[in-house]
Each structure stands twice: as structure tokens, then as C-alpha cells.
Amino acid sequence: MEMIIDGQYDPIVFFDVETTFPKPGQGRVLLEFGSISVCPRRLIELDSYSTLIRPDDPLFWDTFSDLSKGITREALTSAPFFSQVADTIHQILHGKIWAGHNIEEYDYAIIREAFDGIHRPAPEPRHMIDSLPLLKKWFGERAGDMKLSSCSIFWI
């Protein structure tokens, strides 16, 4: 589905978030946001954005340990708070075509929670392209845990 506005094709925004693993009694904490905007017609990168996000809950630091994803305590303490990057993230996502793996159920929920946390309306997609339902349909149980890294073996 191509969307044309003013003679131009709308970019598709591929994005991903990284969070903590939920602990009993605690929700997930947004730690990183990254996106790439792509022209669907020419398949070229138009823009990209990536930022770590410093949690503003002081209790977070009592239980945080460096993650295997390469996010360290030191990196997070110098990162901006979500409220400082919310305008940029909103501008990147709002009204755009979103694409990613498990964005309908996971990433979108994290984005909404983060915006709720600062009492602002979350960005809304124009359309979503989520690879998870497609992979479930195509590969079913053969894909195991359905993480993108697990499913990538089918493309090699």
C-alpha cells in the first residue's frame, strides 16, 4: 500500500525500542529508541534517529545492572530523560507509516506508556506494517519464540 501526498511517497518509519525486562511488581522501563525513515519508492534512507533514555524513577537504579544489549549504567546516566526527547519522537512517528517486528503489541505499547508518563498524547500511526503476524502466518511454530533474531534463520 503506497501512500502519496503532494506527489511524494510517504516515508516508512522503521523503529525499535529497548526496555528493561519486567520484574515482579514493576513495569518495563524504556531505555532506547531508534528509527530509520525510508523512501518506499527508491528504498533509500531519508533520516535516522537514535537515543538512549535515562529513567527518571530513582528506584530504577537500585535494581539496574548493565544489560547484554550493551546499555550501561554510565551511558544511561548521561542520556536525556524521555520528556527531553518526546517532541522529536512524536515528530518522527506521528501520522507516519510504521514498520517493525512486533510493533503492534510491544513497541507501540511502550511508546504509549512513555507518553502517558509525561501526560502527553502519544503519536498515532497512519498505518502499521508488523513482521510478527506475517512470520506467524508463514512459519507458525517452526519460528520458535518469534523473536526477530530467531526468525532471521529463515531468510538466510
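Residues numbered from 1 in each chain as written. Predicted model: local features only at pLDDT ≥ 70, side-chain atom pairs only at ≥ 80, totals over all residues. Heavy atoms only, no water.

As for the nonpolar core
If you look at the biggest cluster of nonpolar residues, it comprises 21 residues, and the most contacted ones within it are Phe33, Phe82, Ile89, Leu93 and Ile111. For this core, the elements supplying multiple residues, two or more each, are strand 3 (12-19), strand 4 (30-39), helix 3 (82-93) and helix 4 (103-117). Residue contacts for Phe33: discarding those within four places in its chain leaves Phe15, Asp16, Val17, Tyr49, Ser50, Thr51, Ile53, Ile89, Ile92, Leu93 and Ile111. Among the nonpolar cores identified, the runner-up in size contains 6 residues, and Leu31, Phe60, Trp61 and Ile71 belong to it. (Core = buried A, V, L, I, M, F, W, Y, C linked by side-chain atoms within 4.5 Å. Buried < 20%, exposed > 50% of the residue type's maximum accessible area, 1.4 Å probe, protein only. Helix = DSSP H or I, 4+ residues; strand = E, 2+ residues; numbered from the N terminus. Contact = heavy atoms within 4.5 Å.)

Description of the pairing of strand 5 (residues 44-52)
The pairing of strand 4 with strand 5 spans 8 bridges and is antiparallel. The residue of strand 5 that forms the bridge with Gly34 is Ser50. Linking strand 4 to strand 5, which pair antiparallel, is a turn of 4 residues; within it Leu43 sits at a positive phi near 55 degrees. (Pairing = 2+ DSSP bridges.)

A look at the packing of aromatic side chains
Scanning all chains against the criterion turns up 5 aromatic pairs. Centroid distance Phe15 to Trp98: 5.2 Å. Interplanar angle 85 degrees. Geometry classified as edge-to-face. A residue pair is termed long-range when its members are at least 10 positions apart, and Phe15 in strand 3 and Trp98 in strand 6 (residues 97-100) qualify at 83 residues. On the basis of relative accessible area, Phe15 is assigned to the buried category, the value being 4%. A relative accessible area of 0% places Trp98 in the buried class. A centroid spacing of 5.0 Å and a plane angle of 90 degrees characterise the contact between Phe82 and Phe115, whose relative ring orientation is edge-to-face. A residue pair is termed long-range when its members are at least 10 positions apart, and Phe82 in helix 3 and Phe115 in helix 4 qualify at 33 residues. (Phe/Tyr/Trp six-rings, centres within 6.5 Å; stacked < 30°, edge-to-face > 60°.)

Details of helix 4
Considered for burial, the residues of helix 4 that qualify are Ile103, Asp107, Tyr108, Ala109, Ile110, Ile111, Ala114 and Phe115. Those residues of helix 4 that are buried lie in contact with strand 3, strand 4, helix 3, strand 6 and strand 7 (127-130). Immediately downstream of helix 4, the backbone of His119 shows phi near 60 degrees, a positive value.

Details of the environment of Ala75
Relative to the elements of secondary structure, Ala75 occurs in helix 2 (residues 73-77). For Ala75 and Arg54, which are 21 residues apart along the polypeptide, the C-alpha to C-alpha distance reads 8.6 Å.

As for the confidence of the model for the protein chain
Per-residue pLDDT for the protein chain has a mean of 83; in total, 78% of the residues score no lower than 70. Here strand 1 (residues 4-5) is the element of the protein chain with the lowest mean pLDDT, 48, and helix 3 is the one with the highest, 98. (pLDDT = per-residue confidence, 0-100.)

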